[in-house]
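For reference, the chains in residue letters:
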Amino acid sequence: MDRGQGLHPDRQGAHRQAEQGDGGGLGRAGEEHQVQAGASQAAEDDASQLVKTLVLSNFKERVLDDESNWFVDFHAPWCGHCKTLAPKFEETAKLYQQGGGKGVVFAKLDPTANDIPSPYKNVFEVSGFPTLYFSKKGDRMSPLKYEGAREVADFKKYLAEN
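Overview of the structure. (Residues numbered from 1 in each chain as written. Predicted model: local features only at pLDDT ≥ 70, side-chain atom pairs only at ≥ 80, totals over all residues. Heavy atoms only, no water.)

Moving on to the overall build of the protein chain. Across its full length, the protein chain carries five helices and seven strands. Going from N to C terminus, the protein chain has its helices and strands arranged as α-β-β-β-α-β-α-β-α-β-β-α. Put simply, the protein chain has 162 residues, and 46% of those count as buried. By sequence separation, contacts in the protein chain at least 24 residues apart represent 63% of the contacts at least 6 residues apart. Only carbon and sulfur atoms are counted for the fraction: they give 46% of the accessible area of the protein chain, which is about 8400 Å². (Helix = DSSP H or I, 4+ residues; strand = E, 2+ residues; numbered from the N terminus. Buried < 20%, exposed > 50% of the residue type's maximum accessible area, 1.4 Å probe, protein only. Contact = heavy atoms within 4.5 Å. Areas by Shrake-Rupley, 256 points an atom, 1.4 Å probe, with all protein chains shown as cover.)

Pasting the structure below:
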């Protein structure tokens, strides 16, 4: 299947081109690779935001090297379902953090503007939007694809169970 399928037409070529590289970060067997340069927005200062913004340049450092669990929304800015999900995802982050839910970081990444580093494309497979993954610390190469209902109560239940 073409990895660019389902992506905004302007990004399909960039995804195909990035896949041809030799990758970056940890491979499946734990070996080190060079992090591949690809399309990336500039990282932003999101320290005060409930939902962190991931880009290619900070994906490995934040998600894969961090000691927290990450709940990541792969979205497209033009996607209607993504726009509907965004306030529910942020409300869940707010409720979870107010309840002392430390150890889970909520984040979003726009794959139409940021390539996912090559060795992680098969791990964080995104073929449509929105796509949600829960990445547990200690098991980064086996994130759980969230396929449940997209309501605040459902997210809270899922996080409590995982």
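Within the open sheet, the five strands sit side by side as S3-S5-S4-S6-S7. Their pairing is mixed. The sheet is open, and its two edges are formed by strand S3 (51–54) and strand S7 (144–146), each paired on a single side. Within the sheet, the average angular offset between the axes of one strand and its neighbour, ignoring direction, is 30 degrees. In the packing of helix H2 (residues 56–64) onto the sheet, contacts are made with S3, strand S4 (69–74), strand S5 (104–109) and strand S6 (131–135), and the angle to S3 comes to roughly 135 degrees. Relative to the sheet, helix H5 (residues 152–161) contacts S4, S5, S6 and S7, its axis offset from that of S7 by approximately 160 degrees. (Pairing = 2+ DSSP bridges. Axes fitted to C-alpha atoms, helices over the stretch in contact; angles between N-to-C directions.)

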